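# Descriptive analysis of the structure
What follows is the residue order along each chain.
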Amino acid sequence: MESTNEKTHGYVWIFLICLIAIFFISFFIGRYPVSIELLLKVFFSKIFPISKTWPDTIETIVFQIRLPRIVGAMLVGASLSVSGAVYQGMFKNPLVSPDILGVSAGSAFGAALAIYLSFSIIGIQICSFIFGLIGVLLVYLISTKVKEDPLIGLVITGVLVGSIFTSLTSLIKYIADTNDKLPTITFWLMGSLSSFSTRDIKAILVPISIGIIPLYILRWKLNVLSLDEDEAKTLGLNTGKIRAIVIICSTLMTAASVSVSGMIGWIGLVIPHLSRIIVGPDYRVLLPTTILLGSSYLLMIDNISRTLLTVEIPLGILTSLMGAPFFIFLLLKNKRS
(Lines give C-alpha, C1' and ligand atoms only; values in the text may rest on other atoms or scores of the structure.)
Protein backbone atom coordinates (compact mmCIF):
# COMPACT_ATOMS: atom_id res chain seq x y z
CA MET A 1 0.00 0.00 0.00
CA GLU A 2 2.85 2.37 0.86
CA SER A 3 4.59 1.78 -2.46
CA THR A 4 1.31 2.46 -4.28
CA ASN A 5 0.90 5.79 -2.46
CA GLU A 6 4.47 6.75 -3.29
CA LYS A 7 3.84 5.90 -6.93
CA THR A 8 0.65 8.01 -7.15
CA HIS A 9 2.33 10.95 -5.41
CA GLY A 10 5.22 10.55 -7.83
CA TYR A 11 2.79 11.11 -10.69
CA VAL A 12 1.81 14.44 -9.14
CA TRP A 13 5.43 15.61 -9.22
CA ILE A 14 5.82 14.43 -12.81
CA PHE A 15 2.70 16.35 -13.88
CA LEU A 16 3.92 19.44 -12.02
CA ILE A 17 7.23 19.34 -13.91
CA CYS A 18 5.33 18.87 -17.20
CA LEU A 19 3.12 21.88 -16.42
CA ILE A 20 6.15 24.05 -15.66
CA ALA A 21 7.77 22.96 -18.95
CA ILE A 22 4.59 23.70 -20.96
CA PHE A 23 4.31 27.06 -19.16
CA PHE A 24 7.74 28.21 -20.40
CA ILE A 25 7.39 26.66 -23.87
CA SER A 26 4.14 28.60 -24.35
CA PHE A 27 6.07 31.89 -24.28
CA PHE A 28 7.96 30.89 -27.44
CA ILE A 29 4.81 29.99 -29.38
CA GLY A 30 3.21 32.74 -31.43
CA ARG A 31 3.49 34.95 -34.48
CA TYR A 32 6.30 37.00 -32.94
CA PRO A 33 9.35 34.84 -32.01
CA VAL A 34 11.02 35.29 -28.64
CA SER A 35 14.32 33.49 -27.95
CA ILE A 36 15.07 31.70 -24.67
CA GLU A 37 17.91 34.09 -23.86
CA LEU A 38 15.75 37.16 -24.47
CA LEU A 39 12.86 35.72 -22.46
CA LEU A 40 15.10 35.05 -19.46
CA LYS A 41 16.57 38.55 -19.66
CA VAL A 42 13.10 40.12 -19.76
CA PHE A 43 11.97 38.07 -16.76
CA PHE A 44 15.10 38.64 -14.68
CA SER A 45 15.07 42.36 -15.47
CA LYS A 46 12.03 42.63 -13.19
CA ILE A 47 14.11 41.24 -10.31
CA PHE A 48 17.72 42.19 -10.98
CA PRO A 49 19.23 45.43 -12.35
CA ILE A 50 19.85 44.21 -15.92
CA SER A 51 20.52 46.83 -18.59
CA LYS A 52 17.74 46.91 -21.19
CA THR A 53 18.91 45.87 -24.67
CA TRP A 54 15.56 44.89 -26.17
CA PRO A 55 12.66 46.92 -27.60
CA ASP A 56 9.53 47.70 -25.58
CA THR A 57 7.59 45.46 -27.97
CA ILE A 58 9.16 42.37 -26.40
CA GLU A 59 8.02 43.31 -22.90
CA THR A 60 4.53 44.06 -24.20
CA ILE A 61 4.32 40.65 -25.89
CA VAL A 62 5.65 38.75 -22.87
CA PHE A 63 3.88 40.54 -20.00
CA GLN A 64 0.75 42.03 -21.58
CA ILE A 65 -0.20 39.37 -24.14
CA ARG A 66 1.34 35.95 -23.53
CA LEU A 67 1.65 35.86 -19.73
CA PRO A 68 -2.05 36.74 -19.03
CA ARG A 69 -3.18 34.26 -21.68
CA ILE A 70 -0.99 31.46 -20.31
CA VAL A 71 -2.08 32.06 -16.71
CA GLY A 72 -5.72 32.33 -17.87
CA ALA A 73 -5.55 28.98 -19.67
CA MET A 74 -4.12 27.35 -16.55
CA LEU A 75 -6.78 28.84 -14.26
CA VAL A 76 -9.71 27.97 -16.55
CA GLY A 77 -8.41 24.47 -17.27
CA ALA A 78 -7.89 23.73 -13.58
CA SER A 79 -11.28 25.09 -12.49
CA LEU A 80 -13.29 23.21 -15.14
CA SER A 81 -11.41 19.96 -14.45
CA VAL A 82 -11.82 20.18 -10.68
CA SER A 83 -15.50 21.03 -11.05
CA GLY A 84 -16.04 17.92 -13.16
CA ALA A 85 -14.10 15.71 -10.73
CA VAL A 86 -16.02 16.77 -7.62
CA TYR A 87 -19.39 16.74 -9.41
CA GLN A 88 -18.76 13.15 -10.50
CA GLY A 89 -17.97 12.12 -6.94
CA MET A 90 -20.89 13.97 -5.40
CA PHE A 91 -23.50 12.66 -7.84
CA LYS A 92 -21.82 9.22 -8.03
CA ASN A 93 -22.03 9.39 -11.79
CA PRO A 94 -19.01 9.16 -14.14
CA LEU A 95 -20.92 10.94 -16.91
CA VAL A 96 -21.42 14.12 -14.90
CA SER A 97 -19.57 17.32 -15.80
CA PRO A 98 -20.34 21.06 -15.69
CA ASP A 99 -21.54 20.73 -19.31
CA ILE A 100 -23.96 17.86 -18.69
CA LEU A 101 -25.29 19.19 -15.37
CA GLY A 102 -26.50 22.39 -17.00
CA VAL A 103 -23.97 24.56 -15.15
CA SER A 104 -22.11 25.61 -18.29
CA ALA A 105 -25.32 26.20 -20.25
CA GLY A 106 -26.81 28.22 -17.39
CA SER A 107 -23.62 30.22 -16.96
CA ALA A 108 -23.43 30.78 -20.72
CA PHE A 109 -26.98 32.13 -20.80
CA GLY A 110 -26.26 34.40 -17.84
CA ALA A 111 -23.11 35.75 -19.47
CA ALA A 112 -24.81 36.19 -22.86
CA LEU A 113 -27.65 38.06 -21.18
CA ALA A 114 -25.15 40.27 -19.36
CA ILE A 115 -23.28 41.00 -22.62
CA TYR A 116 -26.60 41.85 -24.29
CA LEU A 117 -27.40 44.26 -21.44
CA SER A 118 -23.87 45.79 -21.64
CA PHE A 119 -22.85 44.76 -18.12
CA SER A 120 -19.27 45.12 -16.89
CA ILE A 121 -16.99 42.08 -16.46
CA ILE A 122 -18.04 41.87 -12.78
CA GLY A 123 -21.71 42.03 -13.82
CA ILE A 124 -21.11 39.28 -16.38
CA GLN A 125 -19.54 37.08 -13.69
CA ILE A 126 -22.35 37.64 -11.20
CA CYS A 127 -25.04 36.98 -13.79
CA SER A 128 -23.15 33.91 -15.02
CA PHE A 129 -22.84 32.53 -11.48
CA ILE A 130 -26.50 33.08 -10.64
CA PHE A 131 -27.80 31.25 -13.71
CA GLY A 132 -25.15 28.53 -13.36
CA LEU A 133 -26.34 27.92 -9.81
CA ILE A 134 -29.96 27.93 -10.99
CA GLY A 135 -29.05 25.35 -13.62
CA VAL A 136 -27.39 22.87 -11.27
CA LEU A 137 -30.11 23.27 -8.61
CA LEU A 138 -32.84 22.60 -11.17
CA VAL A 139 -31.04 19.48 -12.37
CA TYR A 140 -30.49 18.21 -8.84
CA LEU A 141 -34.03 18.89 -7.61
CA ILE A 142 -35.73 17.37 -10.67
CA SER A 143 -33.45 14.31 -10.76
CA THR A 144 -34.30 13.48 -7.12
CA LYS A 145 -37.89 12.85 -8.26
CA VAL A 146 -36.70 10.09 -10.60
CA LYS A 147 -36.97 6.93 -8.49
CA GLU A 148 -36.33 4.15 -11.01
CA ASP A 149 -32.81 5.06 -12.15
CA PRO A 150 -31.45 8.22 -10.48
CA LEU A 151 -28.16 8.16 -12.41
CA ILE A 152 -29.81 8.09 -15.82
CA GLY A 153 -32.38 10.57 -14.55
CA LEU A 154 -29.60 12.96 -13.57
CA VAL A 155 -28.00 12.85 -17.02
CA ILE A 156 -31.32 13.21 -18.86
CA THR A 157 -32.40 16.08 -16.59
CA GLY A 158 -29.06 17.80 -17.17
CA VAL A 159 -29.47 17.50 -20.93
CA LEU A 160 -33.01 18.89 -20.76
CA VAL A 161 -32.16 21.83 -18.48
CA GLY A 162 -29.08 22.54 -20.58
CA SER A 163 -31.25 22.51 -23.69
CA ILE A 164 -33.60 25.09 -22.14
CA PHE A 165 -30.73 27.44 -21.33
CA THR A 166 -29.21 26.87 -24.77
CA SER A 167 -32.53 27.85 -26.34
CA LEU A 168 -32.67 30.98 -24.19
CA THR A 169 -29.13 31.82 -25.29
CA SER A 170 -30.22 31.40 -28.93
CA LEU A 171 -33.10 33.79 -28.23
CA ILE A 172 -30.62 36.38 -26.90
CA LYS A 173 -28.55 35.96 -30.08
CA TYR A 174 -31.69 36.33 -32.24
CA ILE A 175 -32.69 39.67 -30.69
CA ALA A 176 -29.12 41.00 -30.29
CA ASP A 177 -27.77 43.81 -32.44
CA THR A 178 -26.18 42.17 -35.50
CA ASN A 179 -23.46 44.80 -35.79
CA ASP A 180 -22.29 44.85 -32.20
CA LYS A 181 -23.65 42.39 -29.63
CA LEU A 182 -24.32 39.35 -31.85
CA PRO A 183 -20.72 38.88 -33.11
CA THR A 184 -19.42 39.30 -29.54
CA ILE A 185 -21.83 36.72 -28.11
CA THR A 186 -21.34 34.25 -30.97
CA PHE A 187 -17.55 34.30 -30.84
CA TRP A 188 -17.58 34.24 -27.06
CA LEU A 189 -19.79 31.11 -27.02
CA MET A 190 -17.21 29.21 -29.08
CA GLY A 191 -14.62 29.73 -26.35
CA SER A 192 -11.44 31.75 -26.66
CA LEU A 193 -8.63 33.33 -24.67
CA SER A 194 -7.52 35.62 -27.49
CA SER A 195 -8.47 38.83 -25.70
CA PHE A 196 -7.41 37.66 -22.25
CA SER A 197 -5.72 40.42 -20.26
CA THR A 198 -4.36 41.15 -16.80
CA ARG A 199 -7.76 42.61 -15.92
CA ASP A 200 -9.42 39.28 -16.71
CA ILE A 201 -6.98 37.43 -14.45
CA LYS A 202 -7.79 39.80 -11.60
CA ALA A 203 -11.49 39.26 -12.26
CA ILE A 204 -11.39 35.45 -12.07
CA LEU A 205 -8.50 34.86 -9.66
CA VAL A 206 -10.57 35.59 -6.55
CA PRO A 207 -13.69 33.50 -7.41
CA ILE A 208 -11.59 30.58 -8.68
CA SER A 209 -9.43 30.72 -5.54
CA ILE A 210 -12.54 30.87 -3.34
CA GLY A 211 -13.82 27.80 -5.18
CA ILE A 212 -10.70 25.66 -5.47
CA ILE A 213 -9.02 26.23 -2.08
CA PRO A 214 -11.90 24.87 0.11
CA LEU A 215 -12.24 21.84 -2.18
CA TYR A 216 -8.50 21.18 -1.96
CA ILE A 217 -8.53 21.50 1.84
CA LEU A 218 -11.54 19.16 2.10
CA ARG A 219 -10.31 16.75 -0.57
CA TRP A 220 -10.10 13.78 1.82
CA LYS A 221 -13.73 14.37 2.85
CA LEU A 222 -14.80 14.27 -0.78
CA ASN A 223 -14.13 10.52 -0.70
CA VAL A 224 -17.06 10.21 1.72
CA LEU A 225 -19.49 11.44 -0.93
CA SER A 226 -19.01 8.18 -2.84
CA LEU A 227 -20.31 6.22 0.18
CA ASP A 228 -23.92 5.57 1.11
CA GLU A 229 -25.59 8.23 3.24
CA ASP A 230 -25.75 5.98 6.32
CA GLU A 231 -22.08 5.00 6.04
CA ALA A 232 -21.07 8.63 5.76
CA LYS A 233 -23.07 9.58 8.84
CA THR A 234 -21.42 6.84 10.89
CA LEU A 235 -18.11 8.60 10.19
CA GLY A 236 -19.53 11.72 11.84
CA LEU A 237 -19.49 13.86 8.71
CA ASN A 238 -22.22 16.25 7.62
CA THR A 239 -22.67 15.18 3.99
CA GLY A 240 -25.28 17.85 3.37
CA LYS A 241 -22.81 20.57 4.30
CA ILE A 242 -20.09 19.02 2.13
CA ARG A 243 -22.47 18.77 -0.86
CA ALA A 244 -23.46 22.42 -0.42
CA ILE A 245 -19.78 23.44 -0.41
CA VAL A 246 -19.13 21.33 -3.54
CA ILE A 247 -22.08 22.83 -5.45
CA ILE A 248 -21.26 26.44 -4.51
CA CYS A 249 -17.51 26.16 -5.10
CA SER A 250 -17.80 24.25 -8.38
CA THR A 251 -20.52 26.52 -9.74
CA LEU A 252 -18.50 29.60 -8.75
CA MET A 253 -15.42 28.29 -10.59
CA THR A 254 -17.38 27.29 -13.68
CA ALA A 255 -19.23 30.58 -13.83
CA ALA A 256 -16.01 32.58 -13.41
CA SER A 257 -14.34 30.58 -16.19
CA VAL A 258 -17.30 30.80 -18.57
CA SER A 259 -17.66 34.55 -17.99
CA VAL A 260 -14.18 35.27 -19.42
CA SER A 261 -13.43 32.33 -21.73
CA GLY A 262 -16.83 31.35 -23.08
CA MET A 263 -17.96 27.76 -23.58
CA ILE A 264 -15.05 25.31 -23.44
CA GLY A 265 -16.50 21.81 -23.25
CA TRP A 266 -15.25 18.30 -22.48
CA ILE A 267 -12.49 19.33 -20.07
CA GLY A 268 -14.66 18.68 -17.01
CA LEU A 269 -15.55 15.23 -18.34
CA VAL A 270 -12.35 13.88 -19.90
CA ILE A 271 -9.62 15.14 -17.53
CA PRO A 272 -11.14 13.68 -14.30
CA HIS A 273 -11.48 10.28 -16.02
CA LEU A 274 -7.90 10.41 -17.22
CA SER A 275 -6.74 11.34 -13.72
CA ARG A 276 -8.64 8.41 -12.17
CA ILE A 277 -7.05 5.99 -14.63
CA ILE A 278 -3.58 7.25 -13.67
CA VAL A 279 -3.78 7.77 -9.89
CA GLY A 280 -7.06 6.15 -8.83
CA PRO A 281 -10.22 7.54 -7.16
CA ASP A 282 -8.66 8.87 -3.92
CA TYR A 283 -9.37 12.62 -3.95
CA ARG A 284 -6.29 13.31 -1.84
CA VAL A 285 -4.21 12.54 -4.94
CA LEU A 286 -6.92 12.82 -7.60
CA LEU A 287 -7.61 16.52 -7.02
CA PRO A 288 -4.02 17.82 -7.36
CA THR A 289 -3.54 15.53 -10.38
CA THR A 290 -6.73 16.88 -11.97
CA ILE A 291 -5.59 20.48 -11.35
CA LEU A 292 -2.24 19.87 -13.02
CA LEU A 293 -3.62 17.86 -15.94
CA GLY A 294 -6.45 20.32 -16.57
CA SER A 295 -4.06 23.27 -16.58
CA SER A 296 -1.60 21.51 -18.89
CA TYR A 297 -4.32 20.28 -21.24
CA LEU A 298 -6.01 23.63 -21.86
CA LEU A 299 -2.62 25.35 -22.13
CA MET A 300 -1.61 22.90 -24.88
CA ILE A 301 -4.97 23.32 -26.62
CA ASP A 302 -4.58 27.09 -26.53
CA ASN A 303 -1.08 26.82 -28.02
CA ILE A 304 -2.49 24.70 -30.85
CA SER A 305 -5.39 27.10 -31.42
CA ARG A 306 -3.10 30.08 -32.05
CA THR A 307 -0.53 28.31 -34.23
CA LEU A 308 -2.33 25.59 -36.24
CA LEU A 309 -3.84 27.95 -38.84
CA THR A 310 -3.30 31.54 -39.90
CA VAL A 311 -6.47 32.45 -38.01
CA GLU A 312 -7.06 31.49 -34.39
CA ILE A 313 -9.33 28.47 -33.83
CA PRO A 314 -11.89 28.82 -31.00
CA LEU A 315 -11.01 26.62 -28.04
CA GLY A 316 -14.47 25.06 -27.81
CA ILE A 317 -14.05 23.59 -31.29
CA LEU A 318 -10.66 22.04 -30.50
CA THR A 319 -11.66 20.62 -27.11
CA SER A 320 -14.70 18.97 -28.71
CA LEU A 321 -12.70 17.58 -31.65
CA MET A 322 -10.06 16.17 -29.31
CA GLY A 323 -12.16 15.40 -26.24
CA ALA A 324 -14.94 13.37 -27.83
CA PRO A 325 -12.69 10.80 -29.62
CA PHE A 326 -10.48 10.56 -26.53
CA PHE A 327 -13.50 9.86 -24.32
CA ILE A 328 -14.67 7.18 -26.75
CA PHE A 329 -11.21 5.64 -26.44
CA LEU A 330 -11.48 5.69 -22.64
CA LEU A 331 -14.92 4.02 -22.80
CA LEU A 332 -13.61 1.25 -25.06
CA LYS A 333 -10.51 0.71 -22.92
CA ASN A 334 -12.36 0.79 -19.60
CA LYS A 335 -15.79 -0.67 -20.29
CA ARG A 336 -16.27 -1.96 -16.79
CA SER A 337 -15.26 1.24 -14.96
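Below you will find a few notes about this structure.

Calculation criteria
Residues numbered from 1 in each chain as written. Predicted model: local features only at pLDDT ≥ 70, side-chain atom pairs only at ≥ 80, totals over all residues. Heavy atoms only, no water. Helix = DSSP H or I, 4+ residues; strand = E, 2+ residues; numbered from the N terminus. Rg over C-alpha atoms; globule rule 2.2 N^0.38 Å. Buried < 20%, exposed > 50% of the residue type's maximum accessible area, 1.4 Å probe, protein only. Contact = heavy atoms within 4.5 Å. Lys, Arg positive; Asp, Glu negative; His and termini not counted. Charge placed at Lys NZ, Arg CZ, Asp CG, Glu CD. Phe/Tyr/Trp six-rings, centres within 6.5 Å; stacked < 30°, edge-to-face > 60°. Lys NZ or Arg CZ within 6 Å of the ring centre and 35° of its normal. Salt bridge = Lys/Arg side-chain N within 4 Å of Asp/Glu carboxyl O. 1 Å grid on protein atoms, 1.4 Å probe; cavity = no way out; pocket = protein on both sides within 12 Å on 5 of 7 lines; lining within 4 Å. Points joined across faces, edges and corners; volume = space filled by probe spheres on them. Nonpolar A, V, L, I, M, F, W, Y, C, P; charged D, E, K, R; others polar.

With that settled, consider the overall build of the protein chain. In terms of regular secondary structure, the protein chain is built from 14 helices and zero strands. Over its C-alpha trace the protein chain gives a radius of gyration of 21 Å, about what one expects of a compact globule, namely 20 Å for 337 residues. When the backbone C-alpha atoms are referred to their principal axes, the protein chain occupies close to 70 × 60 × 35 Å. Every one of the 337 residues in the protein chain was classed for burial, and the buried ones make up 49%. Pairs at least 24 apart in sequence give 74% of the contacts found in the protein chain among residues at least 6 apart. Considering the protein chain, the positive charge centre built from 25 side chains and the negative charge centre built from 18 side chains are found 1 Å apart.

Once that is clear, we can look at the packing of aromatic side chains. With the rule as written, the count across this model stands at nine aromatic pairs. Aromatic side chains Phe27 and Phe43 sit 5.3 Å apart centroid to centroid with 90° between the ring planes, which places their arrangement in the edge-to-face category. In this pair, Phe27 sits in the loop between helix H1 (2-25) and helix H2 (36-44) while Phe43 sits in helix H2, placing the two residues 16 residues apart along the sequence. Measuring from centroid to centroid gives 6.5 Å for Phe131 and Phe165, while their planes differ by 80°, and the two rings are edge-to-face. You can see Phe131 sitting in helix H5 (residues 121-143) and its partner Phe165 sitting in helix H6 (residues 150-175), a full 34 residues away along the chain. Cluster of aromatic residues (ring-pair linked, three or more members): Phe23, Phe24, Phe27, Phe43 and Phe63. In this structure, Lys46 is placed above the aromatic ring of Phe63, and the distance from its NZ or CZ to the ring centre is 5.0 Å.

What follows covers the pattern of salt bridges. All chains considered together, the criterion is met by seven salt bridges. Among the salt bridges present, the one from Glu37 reaches Lys41, with a minimum N-O distance of 3.4 Å. A residue pair is termed a helical-turn pair when its members lie 3 or 4 positions apart in one helix, as Glu37 and Lys41 do in helix H2 at four residues. Overall, the relative accessible area of 54% leaves Glu37 in the exposed class. Judged by its relative accessible area of 31%, Lys41 is partly exposed. Measuring nitrogen to oxygen at the nearest pair gives 2.5 Å for the salt bridge that ties Arg69 to Glu312. Taken together, the residues span a long stretch of sequence, with Arg69 in helix H3 (residues 56-91) and Glu312 in the loop between helix H13 (283-305) and helix H14 (315-333) at a distance of 243 residues.

In this structure the tally under the stated criterion is one cavity of 30 Å³ or more. As a volume, the largest cavity reaches approximately 40 Å³. Considering the residues around the largest cavity, the lining is formed by Val76, Leu80, Asp99, Ser104, Ser257, Val258, Ser261, Gly262, Met263, Ile264 and Gly265. Looking at which element gives the most residues to the lining of the largest cavity, the answer is helix H11 (residues 239-261), with three residues. Partitioning the lining of the largest cavity into residue classes produces five nonpolar, five polar and one charged.

Keep in mind these values describe shape, not function.
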